[in-house]
Amino acid sequence: MIVLIALLAGIIFGLGLIVGGMTNPAKVLAFLDIMGDWDPSLAFVMLGAIAVGFFAFRAAARKPVSLLGVPVQLPGTRLIDRKLLLGAVLFGAGWGIAGFCPGPAVTSVFTGGVAVWLFVASMLAGMALHTLGVRRGWL
Amino acid sequence: MVHFTPLESLVGGLLIGFSTLLMIRWLGKISGISGIVGQLWSAPANDRAWRFAFVVGLLVSPLVYALFAPLPAVQIVASTPWLVLAGVLVGFGSRLGSGCTSGHGVCGLSRLSLRSLVATLTFMATAMLVVWLVRHVFLIG
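Below: a short report on this structure.

## What about the overall build of chain B?
Check the secondary structure of chain B and you find six helices and zero strands. Element order for chain B, N to C, with α for helix and β for strand: α-α-α-α-α-α. In terms of principal-axis extent, the alpha carbons of chain B reach across some 50 × 40 × 30 Å. Taken over 141 residues, chain B has a buried fraction of 57%. The contacts in chain B between residues at least 6 apart in sequence include a share of 37% that link residues at least 24 apart.

## Brief notes about the overall build of chain A
Of regular secondary structure, chain A possesses six helices and zero strands. Expressed along its principal axes, the backbone C-alpha trace of chain A runs to roughly 45 × 40 × 30 Å. Pairs at least 24 apart in sequence give 34% of the contacts found in chain A among residues at least 6 apart.

## A closer look at the interface of chain A and chain B
Many descriptions give the size of an interface as the accessible area lost when the pieces come together. Counting from both sides, the interface comprises 106 residues of chain A and, opposite them, 100 residues of chain B. The biggest single contributor to the side of chain A that touches chain B is helix H1 (residues 2-19) of chain A, with 17 residues. For the side of chain A that touches chain B, the per-class residue count stands at 74 nonpolar, 26 polar and six charged.

## Description of the nonpolar core
Buried together is how nonpolar side chains tend to be arranged in soluble globular proteins. A:Phe119 and B:Ala86 are the most contacted members of the largest nonpolar core, which totals 86 residues. For B:Ala86, the residues in contact, after removing those within four places along its chain, are A:Gly94, A:Ile97, A:Ala98, A:Phe100, A:Phe119 and B:Ala78.

## Thoughts on the environment of A:Cys101
Turning to its location among the elements, A:Cys101 is positioned in the loop between helix H4 (82-98) and helix H5 (102-107). Ignoring sequence-local partners within four residues, the contact set of A:Cys101 consists of A:Trp95, B:Val90, B:Cys100 and B:Thr101.

## Here's the deal with the environment of A:Trp38
Residue and element names in this part refer to chain A. For Trp-38, the location among the structural elements is in the loop between helix H2 (25-32) and helix H3 (41-62). For Trp-38, a count of 13 C-beta atoms within 10 Å gives the class partly exposed. Considered as a pair, Trp-38 and Lys-27 are 11 residues apart in the sequence and their alpha carbons are 9.6 Å apart.

## Brief notes about unusual backbone geometry
Residue and element names in this part refer to chain B. The phi dihedral of Ser-98 falls on the positive side, at around 60 degrees, and the residue is not glycine. Among the structural elements, Ser-98 can be located in the loop between helix H4 (80-96) and helix H5 (101-110). Unlike most non-glycine residues, Leu-112 shows phi in positive territory, near 60 degrees. Residue classification places Leu-112 among the exposed positions, given that 12 C-beta atoms sit within 10 Å.

## Things to note about H5(B)
Most of H5(B) is tucked away: nine of the 10 residues are buried. Considered for burial, the residues of H5(B) that qualify are B:Thr101, B:Ser102, B:Gly103, B:His104, B:Gly105, B:Val106, B:Cys107, B:Gly108 and B:Ser110. Looking at the buried side of H5(B), the elements it contacts are H3 and H5 of chain A together with helix H1 (6-27), helix H2 (33-38) and helix H6 (114-137) of chain B. Backbone geometry just after H5(B) places B:Leu112 at a positive phi near 60 degrees.

## A look at the packing of H3(A) against H1(B)
In contact at an axis separation of 7 Å, H3(A) and H1(B) are set at 25 degrees when each is read in the N-to-C sense. Considering their axes alone, H3(A) and H1(B) lie roughly parallel with respect to each other. H3(A) and H1(B) meet at a crossing whose hand is right-handed. By residue class, the composition of the contact of H3(A) with H1(B) is 20 nonpolar, eight polar and one charged.

## A look at the packing of H1(A) against H1(B)
In a pair of packed helices, the angle between the axes and the distance between the axes together describe the arrangement. Where H1(A) meets H1(B), the axes come as close as 7 Å, and the angle between the chain directions of the two elements is 165 degrees. With respect to H1(B), the element H1(A) is oriented roughly antiparallel. Note on packing geometry: the crossing formed by H1(A) with H1(B) is left-handed. Across the interface between the two elements, A:Ile2, A:Ile5, A:Ala6, A:Leu8, A:Ala9, A:Ile12, A:Phe13, A:Leu15, A:Gly16, A:Leu17 and A:Val19 of H1(A) pack against B:Glu8, B:Val11, B:Gly12, B:Gly13, B:Leu15, B:Ile16, B:Phe18, B:Ser19, B:Leu22, B:Met23, B:Trp26 and B:Leu27 of H1(B). Considered class by class, the residues forming the contact of H1(A) with H1(B) number 18 nonpolar, four polar and one charged.

## Details of H1(B)
Helical periodicity: at 3.6 residues per turn, an α-helix aligns residues three or four positions apart in one direction. With 22 residues, H1(B) extends 31 Å between its outermost C-alpha atoms, agreeing within 8% with the 32 Å of an ideal straight helix rising 1.5 Å per residue. The buried fraction of H1(B) amounts to 17 of the 22 residues, a majority that puts the element mostly inside the structure.

Thresholds applied
- Residues numbered from 1 in each chain as written.
- Chains lettered and ligands numbered in written order.
- Predicted model: local features only at pLDDT ≥ 70, side-chain atom pairs only at ≥ 80, totals over all residues.
- Helix = DSSP H or I, 4+ residues; strand = E, 2+ residues; numbered from the N terminus.
- Buried ≥ 20, exposed ≤ 12 C-beta atoms within 10 Å, placed from the backbone.
- Contact = placed C-beta atoms within 7 Å.
- Nonpolar A, V, L, I, M, F, W, Y, C, P; charged D, E, K, R; others polar.
- Core = buried A, V, L, I, M, F, W, Y, C linked by C-beta atoms within 7 Å.
- Axes fitted to C-alpha atoms, helices over the stretch in contact; angles between N-to-C directions.
- Parallel < 35°, antiparallel > 145°, perpendicular 65-115°, else oblique.
- Left-handed = near helix turned anticlockwise from the far one by under 90°.
- Expected span 1.5 Å × (residues − 1).

What follows is the structure, given as structure tokens:
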């Protein structure tokens, strides 16, 4: 059941990205290009998602156990530290260069061609580098 | 604003919100893509199945979409070396900062988390600065 709901949630998430135009890096870059021919569409995606998410998380915060009986895992830390800020700067820089963030990139693997594979492979390498850094105690 | 699609994007956002609702209310999980993907292999064995299922869902979603309408184009402007650099930065940065557009941007802001608001404003401002530099200062692309 858990696997089925996760699969369904993944499909709906991907459909949302496609319907919202977010699987097209050119459209994402048009949102980030506030000094150019600005396309505010991405803000509408965020607005729609948060409008539902707000009530979802408000309900989840009241119950420690999910509807399937699994403990609700909310991030425990509220820390605003160097890792958070440096990570956000590095992520933002990559996002601004390619117009891809993890969701749209993974969603486009079967349909976007070789360039998407290249981006996703590099992204997985970056994630693996982070995992390695944590295990070795560098980070 | 040639390509502005407020209605489609709002509907897309509502779908993403509904997916987030399924994840948190039924599974008790945050639908943050960088966290789900980044811990596909490093998570404990009993914490992997739902991650794989979610990623499979993302991967097949365009095939589901294509049953109803032609898929929109995926237009990539960055050249190969830039794509590789961007990928590494997105992968490493999102893990170091504990989240990306979905984890901090959608889930975090939905929870009214100050930490996620700071992260979201930081990566948005950085991305906007990079696009400004690329397009309007160095005039590439």
